[in-house]
Structures are given as C-alpha cells and as structure tokens.
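# Chain and residue survey
Each chain, letter by letter, is given below.
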Amino acid sequence: MTSVRVNRKAADRVASGHPWIFASDITDRNGAQPGEAVTVLDPRHHPLGIAHHSSASQIALRMLSRQVEEIGRDFYSARLQAAEEHRQRVVYNTDAYRVVHAEADLLPALIVDRYADYLVVQTLNQGMTAALDTIVSCLEKIFHPRGILARNDAAVRAKEQLPLESVVLAGEIPECVGIRMNGLALRADPHRGQKTGVFLDQRENYLAAARYARGSRALDCFTSTGGFALHLAPHFETVEAVDSSAVALATAAANAHANGIKNILFREGDVFDLLAGHAAARRTFSMVVLDPPAFAKSRRNIEAAITGYKEINLRALRLLGPGGILVTCSCSHHVSEATLLELVAQAALDAGRTLRVLERRTQAQDHPILLTVPETHYLKCLILEVV
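This write-up is about the structure you can find in this document.

Reading the values: rules and limits
- Residues numbered from 1 in each chain as written.
- Predicted model: local features only at pLDDT ≥ 70, side-chain atom pairs only at ≥ 80, totals over all residues.
- Heavy atoms only, no water.
- Helix = DSSP H or I, 4+ residues; strand = E, 2+ residues; numbered from the N terminus.
- Buried < 20%, exposed > 50% of the residue type's maximum accessible area, 1.4 Å probe, protein only.
- Contact = heavy atoms within 4.5 Å.
- Areas by Shrake-Rupley, 256 points an atom, 1.4 Å probe, with all protein chains shown as cover.
- Lys, Arg positive; Asp, Glu negative; His and termini not counted.
- Charge placed at Lys NZ, Arg CZ, Asp CG, Glu CD.
- Pairing = 2+ DSSP bridges.
- Axes fitted to C-alpha atoms, helices over the stretch in contact; angles between N-to-C directions.
- Parallel < 35°, antiparallel > 145°, perpendicular 65-115°, else oblique.
- Left-handed = near helix turned anticlockwise from the far one by under 90°.
- Nonpolar A, V, L, I, M, F, W, Y, C, P; charged D, E, K, R; others polar.
- Phe/Tyr/Trp six-rings, centres within 6.5 Å; stacked < 30°, edge-to-face > 60°.
- Core = buried A, V, L, I, M, F, W, Y, C linked by side-chain atoms within 4.5 Å.
- Polar contact = N/O pair within 3.5 Å; in protein donor to acceptor, adjacent residues only side chain to side chain.

## As for the overall build of the chain
Broken down by element type, the chain carries 10 helices and 20 strands. With the C-alpha coordinates of the chain rotated into their principal frame, the extents come out at 65 × 45 × 35 Å. When each of the 387 residues of the chain is scored for burial, the buried share is 54%. Contacts in the chain between residues at least 24 apart in sequence constitute 62% of all its contacts with a sequence separation of at least 6. Accessible surface, the chain: about 16,800 Å² in total, of which carbon and sulfur atoms supply 50%. Of note, the chain has its 42 positive side-chain charges centred 4 Å away from the centre of its 42 negative side-chain charges.

## Looking at the side chain of Asn152
Looking at the secondary structure, you find Asn152 in strand β10 (residues 147-152). Residue Asn152 is classed as buried on the basis of its relative accessible area, which comes to 3%. Filtering out sequence-adjacent residues up to four positions away, Asn152 remains in contact with Val121, Gln122, Thr123, Arg157, Pro163, Leu164, Glu165 and Ser166.

## Here we look at the sheet that holds strand β16 (residues 264-268)
Overall, mixed pairing links the seven strands, which are arranged β16-β15-β14-β17-β18-β20-β19 in an open sheet. In this open sheet, the two edge strands, each paired with only one partner strand, are β16 and β19 (355-362). Ignoring strand direction, the axes of neighbouring strands in this sheet form an average angle of 15°. Of the pairings in the sheet, the one linking strand β18 (residues 320-330) to strand β20 (residues 380-386) comprises six bridges and is antiparallel in character. Among the inter-strand pairings, Leu326 is bridged to a residue of β20, identified as Leu384. Where helix α5 (residues 203-211) meets the sheet, its contacts fall on β17 (285-290), β18, β19 and β20, and the angle it forms with β19 comes to roughly 160°. Helix-sheet contacts for helix α10 (residues 337-351) involve β18, β19 and β20, and the interaxial angle to β20 is about 30°.

## Some remarks on the packing of helix α9 (residues 302-317) against α10
The contact between α9 and α10 brings their axes to 8 Å, and the two run at 45°. When the axis of α9 is compared with that of α10, the two are oblique. The interaxial crossing formed by α9 with α10 has right-handed handedness. Contacts between α9 and α10 involve Ile306, Tyr309, Lys310, Asn313, Leu314 and Leu317 from the former and Thr339, Leu343, Val344, Gln346, Ala347, Ala348, Asp350 and Ala351 from the latter. Among the residues making up the contact of α9 with α10, the classes are represented as nine nonpolar, three polar and two charged.

## Side note on the packing of helix α2 (residues 73-90) against helix α4 (residues 132-143)
Running from N to C, α2 and α4 point in directions that differ by 45°, and their axes come no closer than 9 Å. Relative to α4, the element α2 is oriented oblique. The handedness of the crossing between α2 and α4 is right-handed. Judged by residue contacts, Arg73, Tyr76, Ser77, Leu80, Gln81 and Glu84 of α2 engage Thr134, Ile135, Ser137, Cys138, Leu139, Lys141, Ile142 and Phe143 from α4. Looking at the contact of α2 with α4, its residues break down into seven nonpolar, four polar and three charged.

## Observations regarding the sheet that holds strand β5 (residues 47-53)
Reading across from one edge, β2-β6-β5-β4-β1-β3 is the order of the six strands in this open sheet, with mixed pairing throughout. Of all the strands in the sheet, the pair left with one neighbour each is β2 (20-22) and β3 (26-28). Going from strand to strand, the sheet's axes swing by 45° on average, the running direction of each strand aside. Helix α1 (residues 8-15) contacts β1 (3-6), β2, β5 and β6 (59-65) of the sheet and is inclined by roughly 165° relative to β2.

## As for the packing of aromatic side chains
The geometry of two aromatic rings is summed up by the distance between their centres and the angle between their planes. In the structure shown here, the tally under the stated rule is two aromatic pairs. Consider the rings of Phe75 and Tyr76, whose centres lie 5.3 Å apart with planes at 80°: the pair is edge-to-face. Like Tyr76, Phe75 is buried. Between the aromatic rings of Tyr206 and Phe228, the centroid separation amounts to 4.8 Å while the plane-to-plane angle is 90°, which identifies the pairing as edge-to-face.

## Topic: the nonpolar core
One finds Tyr115, Ile179, Leu232, Val239, Ile264, Met287 and Val327 to be the most contacted residues of the largest nonpolar core, which totals 42 residues. Among all residues touching Val327, those that are not within four sequence positions of it are Ala209, Phe228, Met287, Val288, Val289, Leu290, Cys381, Leu382 and Ile383. The next biggest cluster of nonpolar side chains, apart from the first, holds 32 residues, and it includes Ala37, Ala83, Val91 and Ala102.

## Section: the side chain of Ser332
Among the secondary structure elements, Ser332 is positioned in the loop between β18 and α10. Here Tyr309 takes part through its side chain, which lies 2.8 Å from a polar atom of the side chain of Ser332.

See below:
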C-alpha cells in the first residue's frame, strides 16, 4: 500500500478525531494515485491509519480507519452493515431513510439513501467512486433492492474532477417511488428530486412541529414537496404552502391528494415578497414555518446569509401574534446554532416580539452527528413561541 506523509498539523487534526487532511498539509504523496487507499504517516513515519487519496480536491485525504488494514469488500460490508444496524435502532414509521451519512458513518464522501425497495447512492470523492462496484455488491447482499441509482450529479464532484451524472447501477429505478413517512403516503423522485429524491432529514422535525400546531391558519415557506404542510394540515383549518418551484409544488399537491388532504393552498412565488405582502395586508397566522435552502454554501457567503436569515425571520415574526409559533430552520453548516439563535433574537427585537424557546432540534437520527466532526451537524431547527 502506498504511504503518504503529512505534517504535524495534519497528524494533530487526525488525533483530534477529524478525518480530513488538506493538500497543504501533505509533505510527500509518494506517487499516490487518484482514489487510492493509502497509509498515512506522521512526520516521524508512524502510521496514522488508512485514507482515500484525492489528486484534485483541497481535501486530499479522508481517513477511513485509524488502523492499518486492507480496504476491500470485507471493510465496506462491515461498515455498511453497522450503518444499517444503527438505522434499525433509531428509524421509526418510515421506509425512506438515510442508510449512510458519509463521515458520520465512517464512510467519508459516501451517501446511501433508501426509498422503499430502492437505493440511491452518491460517491462524492475519487476514492468512493473507485470503490463503487464493491459498494454496490455489498448493498445488494444486505438489502436485496429492486434497483440502485448513482445520483452523482452533485456539484461537489467537480472539485474531485469527477463527471456529473446519474446512472442506474442495478435493477430498475422508476420515475416515481411511493414511500411511507410518519403515516403519510409520499412520492420520491430519485432521478430529479431534491438531494437524492426527497428531503429525509426533517422527518422528525415534521412531527415536532405538529405537536405545537393549533389555531386557524398556518404558513409553510419553502415547502418543497410539502413536508411540513402535510403534517400540519390535520391541525389547522387552512395551511398555505409556498415555494418558487412549480415542479416541487406539483409533487406536493399530488402528495396532498394521495392522503386525502384538502385544506392546503399551494402557491408558487418568492417567499420574501410573499411575507412582505402578507405583512402589508395585516394577515396573521398561528404558525409560520421557515425551511429555506442553504443561504451560506461557503464561508465567503456567511455575512450575506446572516442578513438573509434575519430578514426572513423578521418578516415571518410580523405575521405572528401572542401564542403564535415560529419554526425556523437553517441547513447552512457555516451558520451555527448559536448564530441562528442570535439573529432570530435580533429579528424578534426589531419586530417587537418576545420569543420563548420551545425546542432546539437538528437533523433526524438517520443523519448522525459525530462530536469531533462539526461538518456532520448541518441542520438547525428552532421551535419558538411568541409570548
């Protein structure tokens, strides 16, 4: 196995429990090939473990193991089986969930999502892409799926000089897969849907929000395929669900129809403008949900993202009176929970509202968080009450 030597900074990072080593911290690649599993050596040539090597990305090494061991079928099978066993302990009342959450399941740059009898895979670096055939073989043995799709159209693959593509790897993948989630029948689109087909990480937060649902009207902003709106509908007279994507709204409407839900008004439009219009018309709601896309996709965007998050929360709070509930989310890793709490507090002061924190939540448990890898904690969800 090829050995790659790194500096003390990288060795200390690995010792702290983080699996990434940056290109600037490599002192000798020793001819390592793209996607190769290599032994990582510290400055004194002591082994730190095994990593996948990338010839293109700034994240040049991603640690696979702190032991020097063979990275082959037995390794991947054991890690995949352990990931599924964790899901069997924490996932309830759904046949759609994340099987592998990359670094959080000790399989960096690998995503595997399950939609009923089908699997969708993403390999986001050179190493996992090189191992894809082995991974697929292991998944077939563990799950016996009717089909496996490689949804490798994520932009991050460009940083690894990998093609953006979507390829059926095994069996067949239909255009639409019916799934069950929290007692609802939903549609997932593995080929073109958000992420790998549908948002799975808010599954537990849908139920949490519904526990506080009361009153006459709710507003679900950035509804996508209707996740929050569908869960809130039984508890309100009407729910208004807004998104800028006509395709997503069509799926949301189909989901509502499939579940016999008739009190959701789906509206296509810009959420910022809609909130301003509702405030100008003095409309009020008992609950407002904000689940926007990531405003900060890199550190360079943090200041602009904070401004955007504050403004959208300010506009939402103007629609809530005493007893009103605000569910506000951020999926931007670069915006911490502390930052989100601070900017919502500032928005509340500007709106003349006093807020009580009911719950501080994160992504569903099938998207686990490693304590020493902050990048695995990306979703923040606050449930707040106007006092």
